[in-house]
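Working through the structure, step by step
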Amino acid sequence: MHLEFVRRLGGPNVFTTAAVSLARLELDELTCRESREFAGLHERLTCALPGLRDHHCAAGRPGGFLAALDRGTYFGHVVEHVMLELSALAGREVHLGRTMWAGAEGRYDVMTECPADEPDDSAVPERLCALAIVMIKSLVSKENTEFAADLAAIAHVAERERLGPSTAAIAAAARRRGIPVRRTGGLSMLRLGYGCYRRLVSAAMTEQTSAIGVDIACDKALTKRVLDQAGIPVPPGAVVRDAAEAAQALDRLGAPIVIKPRNGNHGRYVTVGVSTTAAAELAYRAAAAGSGLAEVIAEQYIPGNDYRVLVVDGGVIAAARLKPAAVTGDGTRSIRALIEEANADPRRGAGHSRLLTLISVDDATLAHLSAAGLTPDSVPAAGQEVSLRQNGNLSTGGTSVDVTDQVHKDVAELCRRAAGAAGLDICGVDIRLADIGAGLIPAGQPAAVIEINACPGLRMHLGPSQGTPRDVAGAIVDHLYPPGARSRIPILAVTGTNGKTTTVRMIAHVLRQAGYRTGMSCTDGVFIGERCVLEADASGPRSAEMVLDDTSVEAAVLETARGGILRRGLGYDQADVAVITNISADHLGDDGVEGLEELVSVKALVAEELRPGGSVVLNADDPVTAAIATRGRVRRNSPVIRYFSATPGCAPLERHKRAGGICYEVSAGRLTETEGGRQRVIVELAELPGAFGGRARHVVGNALAAAAACRSIGITVKDIRAALLTFTPETANPGRANVYVAAGGTPVLLDYGHNAAALLATGELVAATWPGLRVAAITLPGDRRDDLIAETAEAVATWFPAAVIYEDDDLRGRGPGEMRQLISAAMRRTRPGIEIRHATGATGALREAVSLARGGPVLFSYEKLGAAKSALDAVGAAPAQPGSRQA
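For the structure given in this document, a descriptive report is provided here. (Residues numbered from 1 in each chain as written. Predicted model: local features only at pLDDT ≥ 70, side-chain atom pairs only at ≥ 80, totals over all residues. Heavy atoms only, no water.)

Re helix H8 (residues 220-229)
The complete set of buried residues in H8 reads Lys220, Ala221, Thr223, Lys224, Val226 and Leu227. The inward-facing, buried residues of H8 abut helix H7 (211-218), strand E9 (237-240), strand E10 (257-261), strand E12 (296-300), helix H13 (409-422) and strand E21 (447-453). Between the side-chain oxygen at the start of H8 and the backbone nitrogen of alanine 221 there is a gap of 3.1 Å, and the oxygen is on aspartate 219. Residue glycine 231 follows H8 closely and has a positive phi angle near 80 degrees. (Buried < 20%, exposed > 50% of the residue type's maximum accessible area, 1.4 Å probe, protein only. Helix = DSSP H or I, 4+ residues; strand = E, 2+ residues; numbered from the N terminus. Contact = heavy atoms within 4.5 Å. Polar contact = N/O pair within 3.5 Å; in protein donor to acceptor, adjacent residues only side chain to side chain.)

What follows is the structure, encoded as structure tokens:
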């Protein structure tokens, strides 16, 4: 048994709305072998992984998986459950899994859920799967192999990759408000919202955080100067550049003093309570060496308690008293043992990964204990609290007590002014005073601001050891998106077998006409406004994310292809409008989709992942597409169903209309909208460019779908009509039903159609529009099943008495000449007398077709538009003039 590959489906997908990983397994020697064939496997598995006893499996109760194991199950299924259990042991709390046959004997796809916000490129799922395989093979063969070290290494990576508490809280707060959240790689950076409403957050720093404010906060000497100039009390002090100056500062300021790095953070290399010359010199060297800077801060020690006050957008949101790490004796155990017990608290972790940080026994701890006459091996009396450090930073193992409700108005104003002096939208103010609930001098107590933090940790507020947790993450989200503010732009997603690209282009054209700066992704690339920013087949989730991350985009139109859905999921969480143009047999046999019903389920995902009350636009002429309106996962969002039809008297549309539904159809030579019995004219059919007066029914259908989608988001009929009238195929829809005239007057219809449904529609159009011998210059993609290629070739032969076949440069896994033979044989079965010629390359094929047609129409299909344009130039073809006989 071995692992072929693992891929991640990041957005909503055919399994769930959460991210999942999909592992392709080859069972090899375990193919067709069942678990019950291996005596004792049940016991060996549960001995190694006791948690498997609780796995439900399909039984829906604990023990369900073990029952399946005893009855006999294939080893792909065993890998799934071992992966899930290993995942839990590694600290990844996920529960969803599924094992599926993958098209060949012994080949399985194992899907397992991924934790929210796990990095897209995380190696953890693959390492878990690989470990599961090794473990199962070992247990099957009764080998005694140790796996703890491998699992610990995976757990370490999972812990390192997990969002820290501050960032995770912000992500959760945004999601509670329905704001889209995407993590940037393995960083603590989040992209919130879509398009022009997108905002960036990195831990507790936002894109609105002043760069100058960050510089001020990072330089403690500059901080003191800025605050002092603003009349905010700070500890008297100085910048010292060597040990001698540190000793002089002690004499000048008076003991005790604090010595700390000028650029430090998290309480590192800070020495509190320096009272002797030797201690000052030693503290200076530690601060300078630790920070890498010769310049160090020496400042007067301010008596009192350490407090952290969080200021967001000019208001105090939370406050906490910080307590140094400490343990309480029980009269029997040593300080070291008590620290080990404290570190066993699941809230504690390395660095900032958990709400509390592990307590370390380092030089600072040893020095602090020594000053109290203690060592780590000392046994404190029962109830005796032993302080382990002087500073209360959470990053050195400290804890916090919430005091938000106690903050005196004087203290709140002081902290608000400190954040304002540095120009910080989010600021953690470290202040030292006796009681945060009392007023300040001249009538009250003295106080000093010790530091300000431009990216303050939120842990002490989210999960204080004592007191009320505060929703500080919600306050940060509210700062970026005040209540009622938008976080989303209109998203219009289009899928289907044929007409996707044309419909996407039409919708984008209409939205631009209506004044939206529109982002569009389609098979030709990613477009922002009218500029192509990425030339590629961009109908997948990565391209959708590119559009949604552009902060100039006001509306997104996303072509959403089958392959992207299956391999990576959707590139967004919910659309406002879902358009399904039609669904027919294409790409069957790819990615595990063998039949039309499975293909429908894949494409229906676009209609299922819709915001509540959004619109679903469906082709009523296609029964399988029209039926998507009845699917439970579609109906759960209470969508507005909008049917369109290019066929007069279409039964599903007529029923929908009688029920008061919204419909788009051709009536009396016009494209119309009917809503609540009232009919509106959108555009005269005769005026619609590329519709050939209605003969191009697929173009009419695309225009109706585009109109329905645009009306869904409130675009006026006036704007839709104006845009459709200027949607000329050659300029607005290149490569789709473009009419050219070759030298000598031969009409050439350039079109990308490559499946049976598309080529039947195009052939019907050609036959109805131009007299003379019809010739197809045809190439078909080689990565389709033989039966689908044959069906497409038969569709061409239905309408074309002559054909010139050429193979694209990219044979897509086929041998030279293989496609030519397959296409020719299928054409001759349908039309025994068809004249077939062969050519090399697009230019050779078009030349041969024009010559053979002798003035009759030529259908020119292609794979790459650039090569097709070069071929047109070679035969002297120019775009047909609107209104001419050829057009």
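So that's the structure; there's more coming.
A word on the state of the cysteines
If you walk through the whole model with that rule in mind, you get 0 disulfides. Cysteine 650 forms no disulfide, and the closest cysteine sulfur to it belongs to cysteine 663, at a distance of 9.0 Å. (Disulfide = S-S within 2.5 Å.)

Comments concerning unusual backbone geometry
The linkage connecting alanine 255 with the following residue, proline 256, adopts the cis geometry, with an omega of -5 degrees. The amide bond that connects isoleucine 441 to the next residue, proline 442, takes the cis arrangement and shows omega of 15 degrees. Mapping proline 442 onto the fold places it in the loop between strand E20 (426-433) and E21. In this model, tyrosine 269 sits at a positive phi of 60 degrees, which is unusual for a non-glycine residue. Relative to the helices and strands, tyrosine 269 resides in the loop between E10 and strand E11 (271-274).

Side note on the packing of helix H29 (residues 841-853) against helix H30 (residues 865-874)
Relative orientation of the contacting elements H29 and H30 amounts to 40 degrees, with a least axis distance of 8 Å. Regarding the angle of H29 to H30, the classification is oblique. When you trace H29 past H30, the crossing you get is right-handed. In contact with Ala842, Thr843, Leu846 and Arg847 of H29, H30 contributes Ala867, Ser870, Ala871, Leu872 and Ala874. Split by residue class, the contact of H29 with H30 holds 6 nonpolar, 2 polar and 1 charged. (Axes fitted to C-alpha atoms, helices over the stretch in contact; angles between N-to-C directions. Parallel < 35°, antiparallel > 145°, perpendicular 65-115°, else oblique. Left-handed = near helix turned anticlockwise from the far one by under 90°. Nonpolar A, V, L, I, M, F, W, Y, C, P; charged D, E, K, R; others polar.)

A short note on helix H1 (residues 41-48)
Restricting attention to buried positions, one finds in H1 the residues Leu41, His42, Arg44, Leu45 and Thr46. In this fold, the buried residues of H1 make contact with helix H2 (64-71), helix H3 (75-89) and helix H4 (124-140).

Structural notes on the pattern of salt bridges
This model, assessed by the stated rule, comprises 55 salt bridges. Note that arginine 162 is salt-bridged to glutamate 159, the shortest N-O span being 2.3 Å. Residue arginine 162 is classed as partly exposed on the basis of its relative accessible area, which comes to 29%. Among the charged side chains, a network of salt bridges with common partners joins Lys220, Lys224, Lys260, Glu299 and Glu451. (Salt bridge = Lys/Arg side-chain N within 4 Å of Asp/Glu carboxyl O.)

Re the environment of threonine 674
Positionally, threonine 674 belongs in strand E31 (residues 670-675). Residues threonine 674 and tyrosine 664 lie 10 residues apart in sequence; the distance between their C-alpha atoms is 6.4 Å. Excluding residues within four positions of it along the chain, threonine 674 makes contact with Lys657, Gly661, Ile662, Cys663, Glu665 and Gln679.

Describing the packing of aromatic side chains
Think of a pair of aromatic rings as described by two things: how far the centres are apart, and how the planes are tilted against each other in angle. Within the structure shown, the criterion is met by 5 aromatic pairs. When the centroid spacing of 5.6 Å and the interplanar angle of 85 degrees are considered together, the rings of phenylalanine 38 and phenylalanine 75 count as edge-to-face. On the criterion of sequence distance, the pair formed by phenylalanine 38 in the loop between strand E2 (20-26) and H1 and phenylalanine 75 in helix H3 is long-range, its members being 37 residues apart. Across this residue pair, the class does not change: phenylalanine 38 and phenylalanine 75 are buried. (Phe/Tyr/Trp six-rings, centres within 6.5 Å; stacked < 30°, edge-to-face > 60°.)

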